[in-house]
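Residue strings, one per chain:
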Amino acid sequence: MRVIVVFVLLSLSACSSENESIKPRDGNSQIVVALRNDVRGFEPGISRDVFTDDLFLHIYEGLVTYDEKGGVIPLLAESVNISENGLTYEFTLREKVVFHNDKPLNSEVVKKHYERILDPDGTWLCRSWYDGSRGLEIIELEAPDDKTFVMTLNTPDASFLDKLANVQCGGYIVHPDSFDQDGNFIEPIGTGPYALSQWQKGEFVSLEAFTQYRSSGAQKDGLGGAKRALVDKIKWQIIPDISSSIAGLLSGQIDMAGRLDATSLYDVINETNLEVHKQQSFDWNTLLFQTKDPLLSDLALRQAIASALDINSIAQSVSGGISKQNPSVVSTQSRYYSDCHTAGYTFDKSKAKQFLQQSRYVGQAISLITNKRYNHMYDNALLIHFMLTQAGFNVELEVVEWSTQVDLYLTGNFQLMVFGYSGRTDPLLAYEAILGDKSQHPYYQWENDKARGLLNQSMREISAEQRKETFCEVHKLMIQDIPLINLHNQYIIDVTTPSLIDYAPYTLQTPRFWGVKKEEGRRQ
Amino acid sequence: MFNYILKRVFLAIPTLLIASLIVFIMVRILPGDPAALMLGDMQDARSLEQMRAQLGLDKPIVMQYLIWLSDMLSFEFGNSIITGQSVSELIFDRFFVTFQLVMVAVGIAIIIAIPSGLYAALKHNTFTDHSIMMLSIFLLSIPSFWIALMLVLVFGVELRWLPTIGYVALSDNVQEAIRYLILPVVSLALVVIGQFTRMMRSTSIDILNTEFVLNARAKGLSEIQILKRHIFKNAFAPTLTIIGMVIGSLLGGAAVIETLFTLPGIGRLMVDSLYSRDYPVIQASTLLMGGVFVLVNLLVDLLYPFFDPRVKL
Amino acid sequence: MTKSEVVLSIFELSLGFSALENTNLVVEKAEFHIKKGEIVALIGESGSGKTLLAKSIIRLQPDDCQLINGSIVMNGIELNELSLAQIREYRGREIGLILQEPMVSLNPSMRVGEQMIEGLLLHTKLTKSEALQRAKTMLVKVGIPEPEKRLTQYAHELSGGLRQRIMIASVMLLKPKLVIADEPTTALDASVQNSVMQMLVELTSEINASVLLITHDLSVVADYANEVVVIEKGKVVEKGKCSKVFAKPKHPYTTKLLEALPIYKPKPLNVSESAPVVQINDVSVSFKSKAFFPWQESKIFRAVKSANLSILPGNVTALVGESGSGKSTLGRTVVGLCQPTSGSVELDGHRLYETSSAKRNLHPDIVQLIFQDPYSSLNPKMKLEEILYEGILQADLSYETRRKMAGDMLEEVDLPREFLKRYPHELSGGQRQRVCIARALISNPKLVVADEPVSALDLTVQSKVLKLLNRLQQERQFSMLFISHDLAVVQQLADTVVVMEHGVIVEKGATTDIFENAHHPYTRRLIEASPYLEKCHITQEYKLTTRRISNKTPKALNFCETLEFDDEETVFHQVNQHHSVLIKAIRT
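Since the model is a prediction, treat every value here as computed from it, not as a measurement. (Residues numbered from 1 in each chain as written. Chains lettered and ligands numbered in written order. Predicted model: local features only at pLDDT ≥ 70, side-chain atom pairs only at ≥ 80, totals over all residues. Heavy atoms only, no water.)

**A look at the overall build of chain B**
So, point 1. Along its length, chain B carries 13 helices and zero strands.
So, point 2. Tracing chain B from N to C terminus, the helices and strands come up as α-α-α-α-α-α-α-α-α-α-α-α-α.
So, point 3. Considering only C-alpha atoms, chain B reaches an extent of 85 × 55 × 35 Å along its principal axes.
So, point 4. The burial tally for chain B puts 51% of its 313 residues in the buried class.
So, point 5. Partitioning the contacts of chain B with sequence separation of at least 6, the portion at a separation of at least 24 is 73%. (Helix = DSSP H or I, 4+ residues; strand = E, 2+ residues; numbered from the N terminus. Buried < 20%, exposed > 50% of the residue type's maximum accessible area, 1.4 Å probe, protein only. Contact = heavy atoms within 4.5 Å.)

See below:
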């Protein structure tokens, strides 16, 4: 049996460096971070939101994770060997990794973990990815020795490792001691650089440095690599209101506020006392069409709309200049992003008029759904509404509550909708979010058998170059069909006080506080 | 007295029952599905179904209500469907924070508003009266969140005297707790002061024109003595009703202040749970607020005869 | 000290509202003197400025009413020159003030005892317990039962008469040299007015205090005052010894006041054999407060107990009693507004209350109601013509006819036709009551129920409205049930008088029989409290008389004084064919 070694940890030297907890930690250094709402609990993959995910990433780690560009790298695994048929994944676990309860990481623990989350009676969010209901199934888990863990699949899936690394699913290795005999979650025990110290519900969550943490690399790399805990405590203070957060930054009561929207950018950009970090993320903003709608099923009308939008201006103004137009579901930050993904729609008023004449559209009212919970969606909708009205469409802007919008999205009950997808690091997963049979699941946006076939093929391709090409093909098809118009990737605005040293935003949005120091008195 | 209390509690039961039914139906009529919200755009049909079943949302709505009602009768408030925390625990902690905030704010407002209302009434139609009225109308008409923001900017950001973010329980550290409470309490109290002053002034003016005040003057009492002995008690009785209503509504309606000052109060909890369609929390907290409202008003009514002996329970 | 020593002098006193011109003085150059131990009565209609004048002595007039001119001198000291603090020293200690309304002049949220001793604590060096002891002694002295208990009670727990006694007692505690009594008995029931006045006079004469008595009640003046000062529109028009002024009034205004008093001219009983307009048999009305819990007993208040009453066509029946005697309830029962608990009401052949439909009990073509308060019984948003059109019951009349009918009706009540376009607020109280009468009569009812139609009006206006009612009744020959607390008002109007006490009819008979041969002690008390005026035709002098009825009551009659009975049967003694009196109640 030939085995392809896909990942090998290069920097073994860094791994062996014994003392992770380098200076300066004086016992009471603390970073205070604004948290928009309370965490939903500490059991990964059960109840989550983006803020809960942020904390999970400091407490837990998975076998693999993402690098700086969203590619998959090993984390608790030292290496992964994939069999040639793409069905067997053999993980070699890293040495000397311990959990927060001082118990060592071994294959038995990992096996138990996967058995638990794949249990058909369990409530893990992403079980449907692995139980065959969507094709892929993990048919066997093995722990042949202490350091080796093997998973066997029913079908090859090129995105399998990416799925394992997925942040939302929370497939981190949780120590069995986190649960009582009845399987109820009691406390979070992970292998991350920080451990839960205190959760004051509704007020704050406090994490403390895990002194026995061992990095998997010498350099900070995405969610892996060097992850040194340089402060004793991180306190996530719950501050629902953004202006309160900014006031807190200005008064020095907090050190960092993440995920600000572009509107708040203008509040902080001129504050010399604050540092603003900008980045583009994998999340993408889009204008959805209900192609089943009698009106919008008309391709010419969709073409007219696409030509009537100056998407580049929209991207610039909505993101405060951070993001640029991206017609693809593949993020500009992704390793799979290439020139072919820049192909999209161009703003052309006369073409829009032409298409409009070809279409059956005679001025019927078209509704455009958006919400005010997410400012960027609202801003996108405003500009789209304006541009379409200018181009002679009769568009009615309908602002609904976010929960309502999710409902409309799920039932497909809309004409136009400004929406945002959270980023998928693997383009395959991104396409899967939109491509599917609408009659079965109305939340799918795009029906195209050829694209489906290409994606199925990409599932079996391991080579990155091959996959890259397939995704380009799919993108071309999508641009032809216009099932939706992708606008731009979501921007990230993180604001810190100058006392926070070495902070850098991450394209997967999550703020990372390992490797970050706090120096008091650096404030002007 | 006992019969009266019994009667009031008895009468509150159908009120609360109807309120609970309305809330129960309303939150379910609202578009938006907690299961879908939890899954976000990660969902597929299967996990959605699974999630709905797990949350008990797959049962018919009548069944859901009956289950909830029977739980309620045995004081089982269930768990939050978002965080899985026990609802009763969640609500109790949050309620205490708001209770503390509102009671201190109203207490301060009473201490300031009652004398100033009385004084304005005494100086009826003079410059002093007009100034007090102008000020209280000003306080009444500006929204509390604006006051709060101004206080944050001045005392938090510019002067850095007081913290604007967070909450410290009184049981943990009294001095810190007070420091953290000052700004939210002041922003709540300012608006309430306006309300109380106006009420106190107008009732006092009515009382000042009564015959028994004339009688008191005819006895040779000075105006201050008359205020203390004759006007305060009589004018306070109607104000008490307003105070009760304000306390009742603030206990559930301080969400804006709680959000701005990041206090873990019940109002914020209600707003948050409404957004996330956390049905058990919305239902239980609405019921609690209804109960509290009934209770506060009952207390006011029980106190009333002390200020106005004509009222018999 | 001689008796002629002047305690208080008022010289050329003028009061005015600051906003008004000097010409609109509310009190103009008033001048009078009060001698030690004397009672000086200040009389005049409401709005004449008498109360303002009295209050201004201790500077208690409203803030915007200012002293323009003149001086107030008490025992040689000019009160106007004193500071507010010095005036406060006079208030209560030197000059006491008794207000009109005992229901509102005591603080409702303060115990009676505390209010009584307030003045003592302020002006003397007594301790609280000493002061309370004095208050108690005073209450004993004025004959208030259970004085200890009274001190700890609140005002609302006491009757009006008791409150006024307490008011007087608390003023007298400080032994002031002058007592200003502003209509001290007006708000009280007729039967207690006398005793309260008596008490005031006794207490003041005991400490030789002077009294400035403000009143519109001439009988009180005649009985008690030494001097009388008549004030019209702020001007003192006549003053002098009471007996002289009353016997030979010099100023026309004084004469007008005197002539407004009821003149006793009993009508012969109009006995007609025709069927009565209304026949009330054994009617009882109870109000039930429903119990909330099943184990609680519901409280029943019996407002009217087995009343029998009939009114003949063209006959005026007066229903007299104190407040709370059930007279208004009985009146409402007649109109069809109040369902009796038992008994029957027959109105012009219709049996009322036979159906459950509230509307079917009303017969606006037969019976109309005139209310007490002309201010609240007219819709302020409606013009008089609209108000009157409402009263016209025939539906098919043209606008012109309606307009003519309304105009005629207005003229009949002595109001100009042009008033049709006016709103009620443009009219005076007397004019409004005329409109009320017009509204009631426009449908030509057989029976009019008038519930205290004049008691909210000034004395001089009262007599005019009464005369109008009398004239209209003579012309139109409708029957009338005239409800009143004041016997004096009804004596010139009524054919028969029915007296009610505690929901029971205690005596009824022809007006002459009742006034000259009243049997029941309650009726007698009422009669004695109502004075009337006699004018000697030879000397042209007036004589104010209060009736004293000689004790002709048969000894065999044992009157049931306390009427706190429930299920008892009433027994009447028949004095003559129309005159009967309740003698006792037998428990069934």
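**Concerning the overall build of chain C**
So, point 1. The secondary structure content of chain C amounts to 18 helices and 24 strands.
So, point 2. Put simply, chain C has 588 residues, and 54% of those count as buried.
So, point 3. In chain C, 67% of the contacts between residues at least 6 apart in sequence involve partners at least 24 apart.
So, point 4. Within the structure as shown, chain C displays about 26,200 Å² of accessible surface, and the carbon and sulfur contribution to it stands at 50%. (Areas by Shrake-Rupley, 256 points an atom, 1.4 Å probe, with all protein chains shown as cover.)

**Comments concerning the sheet that holds strand 11 (residues 278-289) of chain C**
Residue and element names in this part refer to chain C.
So, point 1. Taken together, four strands build an open sheet; the order of strands is 12-11-14-15 and the sheet is antiparallel. With one partner strand each, in any of the chains shown, strand 12 (299-311) and strand 15 (350-351) form the two edges of the open sheet.
So, point 2. Bridge count for strand 14 (residues 342-347) against strand 15 is two bridges, and the pairing is antiparallel. In the sheet register, leucine 347 faces strand 15, and the bridge partner there is histidine 350.
So, point 3. Its contacts with the sheet place helix 11 (residues 327-335) against strand 11, strand 12 and strand 14, and it is angled at close to 115 degrees to strand 11. (Pairing = 2+ DSSP bridges. Axes fitted to C-alpha atoms, helices over the stretch in contact; angles between N-to-C directions.)

**Examining the arrangement of the chains**
So, point 1. The highest contact count of any of the two pairs of chains in contact belongs to chains A and B.
So, point 2. Kept free of each other, chain A and chain C leave a smallest C-alpha distance of 44 Å between them.

**Describing the state of the cysteines**
All names here are of chain A.
So, point 1. Counted under the stated rule, the structure contains two disulfides over all chains.
So, point 2. Two residues, cysteine 126 and cysteine 169, share a disulfide whose sulfurs are 1.8 Å apart. Judged by the torsion about the S-S bond (-90 degrees), the cysteine 126/cysteine 169 disulfide is left-handed. Placement of the pair is cysteine 126 in the loop between helix 3 (107-118) and strand 7 (138-145) and cysteine 169 in the loop between helix 4 (160-165) and strand 9 (194-200), with a sequence separation of 43 residues. As far as the burial class goes, cysteine 126 and cysteine 169 line up, both buried.
So, point 3. Sulfur-sulfur distance for the disulfide between cysteine 340 and cysteine 472 comes to 1.7 Å. On the S-S bond that ties cysteine 340 to cysteine 472, the torsion sits near -80 degrees, and the link is left-handed. Here cysteine 472 lies in helix 14 (residues 464-481) and cysteine 340 lies in the loop between helix 8 (311-318) and helix 9 (349-358), a separation of 132 residues in the sequence.
So, point 4. With relative accessibility at 12%, the residue cysteine 472 sits in the buried group. (Disulfide = S-S within 2.5 Å.)

**Quick word on the domain arrangement of chain C**
Residues and elements named next belong to chain C.
So, point 1. Segmenting chain C into domains produces domain 1 (3-257), domain 2 (313-337 + 356-515) and domain 3 (532-587).
So, point 2. In this assembly, 12 residues from domain 2 lie in contact with 13 residues from domain 3.
So, point 3. At the boundary of domain 2 with domain 3, total buried surface from both sides reaches about 1,000 Å², with 54% on carbon and sulfur atoms.
So, point 4. Counting the contacts that link domain 2 with domain 3 gives four residue pairs in polar contact (both at pLDDT 80 or more).
So, point 5. Every element with two or more residues in the side of domain 2 that touches domain 3 is listed here: strand 20 (504-510) and helix 17 (511-517).
So, point 6. The biggest single contributor to the side of domain 2 that touches domain 3 is strand 20, with six residues. (Domains from an automatic or database assignment. Buried area = accessible area lost by both parts, 1.4 Å probe. Polar contact = N/O pair within 3.5 Å; in protein donor to acceptor, adjacent residues only side chain to side chain.)

**A few points about the interface of chain C and chain B**
So, point 1. Taken residue by residue, the interface counts 30 residues in chain C and 25 residues in chain B.
So, point 2. Both sides together, the interface formed by chain C and chain B hides about 2,500 Å², and carbon and sulfur atoms give 60% of it.
So, point 3. At the boundary of chain C with chain B, the tally comes to two salt bridges.
So, point 4. Where C:Glu118 meets B:Lys219, a salt bridge forms, and the shortest distance between an N and an O atom there is 3.0 Å. (Salt bridge = Lys/Arg side-chain N within 4 Å of Asp/Glu carboxyl O.)

**What to know about the pairing of strand 10 (residues 235-241) of chain C**
Residue and element names in this part refer to chain C.
So, point 1. Both strand 9 (residues 227-232) and strand 10 contribute to a ladder of six bridges, which runs antiparallel. Each residue of the ladder has a partner; that of valine 229, found in strand 10, is lysine 239.
So, point 2. Taking the residues between adjacent antiparallel strands as the criterion, strand 9 and strand 10 are bridged by two residues, where lysine 233 takes a positive phi near 45 degrees.

**Examining the pattern of salt bridges**
So, point 1. Summed over all chains, the structure comprises 47 salt bridges over all chains.
So, point 2. The partner of A:Asp49 in a salt bridge is A:Arg40, with the nearest N and O atoms 3.6 Å apart.
So, point 3. One salt bridge connects A:Lys103 with A:Asp177, and the closest N-O pair in it is separated by 2.5 Å. Linking A:Lys103 in the loop between strand 6 (88-93) and helix 3 with A:Asp177 in the loop between helix 4 and strand 9, this pair joins segments that are 74 residues apart in sequence.
So, point 4. Overall, the relative accessible area of 38% leaves A:Lys103 in the partly exposed class.
So, point 5. When salt bridges that share partners are traced, they join C:Glu89, C:Arg93, C:Glu94 and C:Lys177 into one network.

**What about the packing of aromatic side chains?**
So, point 1. One pass over the structure, following the stated rule, counts 33 aromatic pairs over all chains.
So, point 2. Consider the rings of B:Phe95 and B:Phe99, whose centres lie 5.8 Å apart with planes at 35 degrees: the pair is tilted. Residue B:Phe95 and its partner B:Phe99 are located together in helix 5 (residues 87-122), separated by four residues, close to a single helical turn.
So, point 3. On the basis of relative accessibility, which here comes to 16%, the residue B:Phe95 falls in the buried class.
So, point 4. Among the aromatic residues, those joined into a ring-pair cluster are A:Trp284, A:Tyr374, A:Trp402, A:Tyr409, A:Phe419 and A:Tyr421.
So, point 5. If you follow A:Lys227 out to its NZ or CZ, it ends over the ring of A:Trp514, 4.5 Å from the centre.
So, point 6. The residue whose ring lies beneath B:Lys233 is B:Phe306, and the NZ or CZ to ring-centre distance is 5.3 Å. (Phe/Tyr/Trp six-rings, centres within 6.5 Å; stacked < 30°, edge-to-face > 60°. Lys NZ or Arg CZ within 6 Å of the ring centre and 35° of its normal.)

**A short note on the interface of chain B and chain A**
So, point 1. Counting residues at the interface gives 42 residues for chain B, matched by 50 residues for chain A.
So, point 2. Interface area, chain B with chain A, both sides summed: about 3,800 Å², of which 54% is carbon and sulfur.
So, point 3. At the surface where chain B touches chain A, the tally comes to two salt bridges.
So, point 4. Here A:Lys201 and B:Glu89 are joined by a salt bridge, their closest N and O atoms 3.7 Å apart.
So, point 5. Taken together, chain B and chain A are joined by eight residue pairs in polar contact (both at pLDDT 80 or more).
So, point 6. Every element with two or more residues in the side of chain B that touches chain A is listed here: helix 2 (34-39), helix 3 (45-55), helix 5, helix 7 (144-158), helix 11 (255-260) and helix 12 (266-275) of chain B.
So, point 7. For the side of chain B that touches chain A, the element with the most residues is helix 3 of chain B, which contributes seven residues.
So, point 8. Of the residues belonging to the side of chain B that touches chain A, the class tally is 20 nonpolar, 13 polar and nine charged. (Nonpolar A, V, L, I, M, F, W, Y, C, P; charged D, E, K, R; others polar.)

**Here we look at unusual backbone geometry**
So, point 1. Phi is positive for C:Glu452, which is not a glycine, with a value near 50 degrees.
So, point 2. Examined against the element boundaries, C:Glu452 turns out to sit in the loop between strand 17 (447-451) and helix 15 (459-476).

**Structural notes on a negative patch on the surface**
So, point 1. Residues A:Glu90, A:Glu95, A:Glu108, A:Asp145 and A:Asp146 make up a contiguous surface patch of negative charge.
So, point 2. Assessed through its relative accessible area of 41%, A:Glu108 is described here as partly exposed. (Patch = residues over 30% accessible without salt bridge, like charges linked within 9 Å, V, L, I, M, F, W, Y side chains within 5 Å. Lys, Arg positive; Asp, Glu negative; His and termini not counted. Charge placed at Lys NZ, Arg CZ, Asp CG, Glu CD.)

**Digging into the nonpolar core**
So, point 1. Judged by nonpolar contacts, the single largest core of 242 residues is most densely connected at A:Phe91, A:Phe393 and A:Ile485.
So, point 2. The element contributing the most residues to this core is helix 5 of chain B, with 14 residues.
So, point 3. Not counting chain neighbours up to four residues away, the residues in contact with A:Phe393 comprise A:Leu301, A:Ala304, A:Ile305, A:Ala308, A:Leu356, A:Tyr361, A:Ile366 and A:Leu388.
So, point 4. By size, the runner-up hydrophobic cluster in this structure holds 55 residues, among which are C:Leu388, C:Val413, C:Ala438 and C:Ala518. (Core = buried A, V, L, I, M, F, W, Y, C linked by side-chain atoms within 4.5 Å.)

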